[in-house]
Structure formats: structure tokens, C-alpha cells
Amino acid sequence: MSTTGIFSAFTAFNIIFVLFFGVSIAFFVFVILLIFNPKVRSKFMGVQLKATKQMLDDNKETIKDIKNVQADIAIESTDKILEKHEDTIKKNVTKVADMSAESIETTARAIKKGISKTKQCPECLKFNDENAKFCQECGKKFK
Ligand SMILES: [Zn+2]
């Protein structure tokens, strides 16, 4: 190996070393500044914020599209479910309404019975309607 070859290899190593060292120092200074200088920090954060905002702005249409698709999916699936189970839903709603009506009727009947005057049969002790002429149970004629 010639002297020039050794020298150039050494120089190349030096340059790389200096560059690496320089970059390290620059990075170190940047980190220190970032930690201790609020102005630099806020500027750096501002840049990041701006980048994020830019990204969101760029994807505004995409986000809107996704939202629309999601809304469509929700509406369509609800429609499909309602359509698919229409009979069941209708049937059950009717059933519930019938049950309510029936329970109201039963309650009304019970109240009516409770407040209406009754006549007890002397033979079988069955309670009959106040105006009954005969006992509903044993057929005894009321006086
Ligand atoms: Zn009777």
C-alpha cells in the first residue's frame, strides 16, 4: 500500500468521523433546546400540529366518505333487520297490546265486581248479582 492510499483512507475516516460527530452535536443541541427553550418547543410542536392538520385536511374527503359509508351501513342494516323480522315485530307488538288490553279489562272487571253489590245464596253461599232472580250455582229462587 502506498503512502497516498493510507493517507486518503485516513482522511476519509476523519471526514466520516467529523460528520458523524457534527450531526451528533447538532442533534444534541436540538434536543437540549427542545427541552429547555419553550419557544423552540412550541415552534417544533406547531410544525407537528401543522403537519397533522395538513394530513387531516388532505384526508377530509376520505374521512367524510368513510363516515357516510358507516352511516349507510347502519341505516341499511337496521332497515334489513326491520324488514326481515317485520312479521315477528308486528306479531309481538300486537300481542303486547292485546295483553295490555286484556289485563286492563281484567282489572276493570275485578274493580266492577268489587264495587258492585252482590247477593249471597242462602243454600250454596255463592255470590250472585244483586239483581239475580235465581242462584247461578244451584238455581235456588231468590225472594
Ligand atoms: Zn245457590
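What you are looking at is a predicted structure, and each value in this text was computed from that prediction instead of being measured.

J.: It is not clear to me how the overall build of the protein chain should be interpreted in this structure. Could you clarify?
T.: A count of helical and extended segments in the protein chain gives 4 helices and 2 strands. Residue burial in the protein chain is summarised as follows: out of 143 residues, 1% are buried.

J.: Could you clarify how one ought to interpret helix α2 (residues 38-58) in this entry?
T.: For an α-helix, the turn length of 3.6 residues means that residues three or four places apart are oriented alike. Between its terminal C-alpha atoms α2 stretches 29 Å, which fits the 30 Å expected from 21 residues at 1.5 Å a residue. Little of α2 is tucked away: 0 of the 21 residues are buried.

J.: What should I look at first to understand the environment of Ser-8 in this one?
T.: Looking at the element boundaries, Ser-8 is found in helix α1 (residues 3-36). Considered as a pair, Ser-8 and Lys-143 are 135 residues apart in the sequence and their alpha carbons are 140 Å apart.

J.: Just to check I follow, could you spell out the confidence of the model for the protein chain for this structure?
T.: Low pLDDT means the predicted coordinates in that region are not meant to be read closely. Across the protein chain, the average pLDDT comes to 82, with 92% of residues at or above 70. Mean pLDDT across the secondary structure elements of the protein chain bottoms out at helix α4 (residues 86-115), with 79, and peaks at helix α3 (residues 60-84), with 85.

J.: Where do I start with unusual backbone geometry in this structure?
T.: A negative phi holds for most residues other than glycine; trans holds for most peptide bonds. Located in the positive-phi region is Leu-125, a residue other than glycine, with phi close to 70 degrees. On the secondary structure map, Leu-125 appears in the loop between β1 (118-120) and β2 (127-129).

Quick notes on the rules
- Residues numbered from 1 in each chain as written.
- Predicted model: local features only at pLDDT ≥ 70, side-chain atom pairs only at ≥ 80, totals over all residues.
- Helix = DSSP H or I, 4+ residues; strand = E, 2+ residues; numbered from the N terminus.
- Buried ≥ 20, exposed ≤ 12 C-beta atoms within 10 Å, placed from the backbone.
- Expected span 1.5 Å × (residues − 1).
- pLDDT = per-residue confidence, 0-100.

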